[in-house]
Amino acid sequence: AVPAMVEWLIPFLLALATGVLSSWGVGGGTLLLVCMTLLLEVGHREAQAINLLFFLPTAGISLFFHRKNGYLDKDTWKQAALPGTVVSLLGALAALAVDVSLLRKPFGLFLLYSGSSMLLSARKKERK
């Protein structure tokens, strides 16, 4: 058995690593989901809820600093906020209605596509 004092260490290190990677522009939330479901054996829905708890304060802080530094396009924000909120809510409700096992393969394909896209765009930038 793992000593109680060290039991928190692996989840902490995984959260720290995904936080650092997300600060570099890598999808930290996606990595956090993968780490929780594959390495920590957390259920998919529980992992999504935990991921949301990590995301909300991070997004709020990021929005504050982006606005402060003049990086927030107010027109785009005004156009995207309401539709983005509505579609996110509908997507969350749809995910609750679908069996989790049906979501695993599309999510895996999404991860492969996202990772491939990041690698390919990084290579294109290196060539220029």
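Fair warning: this is a prediction, and the values are worked out from it, not measured in the lab. (Residues numbered from 1 in each chain as written. Predicted model: local features only at pLDDT ≥ 70, side-chain atom pairs only at ≥ 80, totals over all residues. Heavy atoms only, no water.)

*Asks:* Can you walk me through the overall build of the protein in this structure?
*Replies:* Within the protein one finds five helices and zero strands. When the helices and strands of the protein are listed from N to C terminus, the series reads α-α-α-α-α. Along the first, second and third principal axes, the C-alpha set of the protein runs to 55 × 40 × 30 Å. Evaluated residue by residue, the protein yields a buried proportion of 10% over its 128 residues. Restricting the contact set of the protein to residue pairs at least 6 apart, pairs at least 24 apart contribute 42%. Only carbon and sulfur atoms are counted for the fraction: they give 70% of the accessible area of the protein, which is about 10500 Å². Where the 12 positive side-chain charges of the protein centre and where its 7 negative ones centre are 12 Å apart. (Helix = DSSP H or I, 4+ residues; strand = E, 2+ residues; numbered from the N terminus. Buried < 20%, exposed > 50% of the residue type's maximum accessible area, 1.4 Å probe, protein only. Contact = heavy atoms within 4.5 Å. Areas by Shrake-Rupley, 256 points an atom, 1.4 Å probe, with all protein chains shown as cover. Lys, Arg positive; Asp, Glu negative; His and termini not counted. Charge placed at Lys NZ, Arg CZ, Asp CG, Glu CD.)

*Asks:* What is the right way to look at the packing of aromatic side chains in this model?
*Replies:* The geometry of an aromatic ring pair is captured by two quantities: the separation of the ring centres and the angle between the planes. Considering all chains together, one arrives at two aromatic pairs under this definition. Judged by centre distance (5.1 Å) and plane angle (80°), the ring pair of Phe64 and Phe65 falls under edge-to-face. Assessed through its relative accessible area of 52%, Phe64 is described here as exposed. (Phe/Tyr/Trp six-rings, centres within 6.5 Å; stacked < 30°, edge-to-face > 60°.)

*Asks:* Hey, could you run me through the environment of Lys105 in this one?
*Replies:* Structurally, Lys105 can be placed in helix α5 (residues 100-127). Take Lys105: its relative accessible area is 69%, and that puts it in the exposed class. Measuring from C-alpha to C-alpha, the distance between Lys105 and Thr18 comes to 22 Å, with 87 residues separating the pair along the chain.

*Asks:* When you look at a positive patch on the surface in this model, what are you seeing that I'm missing?
*Replies:* There is a patch of like positive charges on the surface, built from Arg123, Lys124, Arg127 and Lys128. Locating Arg123 in the fold gives a position in helix α5. (Patch = residues over 30% accessible without salt bridge, like charges linked within 9 Å, V, L, I, M, F, W, Y side chains within 5 Å. Salt bridge = Lys/Arg side-chain N within 4 Å of Asp/Glu carboxyl O.)

*Asks:* Just to check I follow, could you spell out the confidence of the model for the protein for this structure?
*Replies:* Low-confidence regions, as indicated by low pLDDT, have predicted coordinates that should not be scrutinised in detail. Per-residue confidence for the protein gives a mean pLDDT of 82, with 93% of residues at or over 70. By mean pLDDT, the top-scoring element of the protein is helix α4 (residues 74-97) (89), and the lowest-scoring one is helix α1 (residues 9-23) (79). (pLDDT = per-residue confidence, 0-100.)

*Asks:* Got a minute to help me understand the packing of helix α2 (residues 28-39) against helix α3 (residues 44-68) in this structure?
*Replies:* Relative to each other, α2 and α3 sit at 145°, their axes nearing to 9 Å. As α2 runs across α3, the sense of the crossing is right-handed. The residues of α3 that touch α2, namely those facing Gly29, Leu32, Leu33, Met36 and Thr37, are His44, Ala47, Gln48, Ile50, Asn51 and Phe54. Of the residues in the contact of α2 with α3, the class split is six nonpolar, five polar and no charged. (Axes fitted to C-alpha atoms, helices over the stretch in contact; angles between N-to-C directions. Left-handed = near helix turned anticlockwise from the far one by under 90°. Nonpolar A, V, L, I, M, F, W, Y, C, P; charged D, E, K, R; others polar.)

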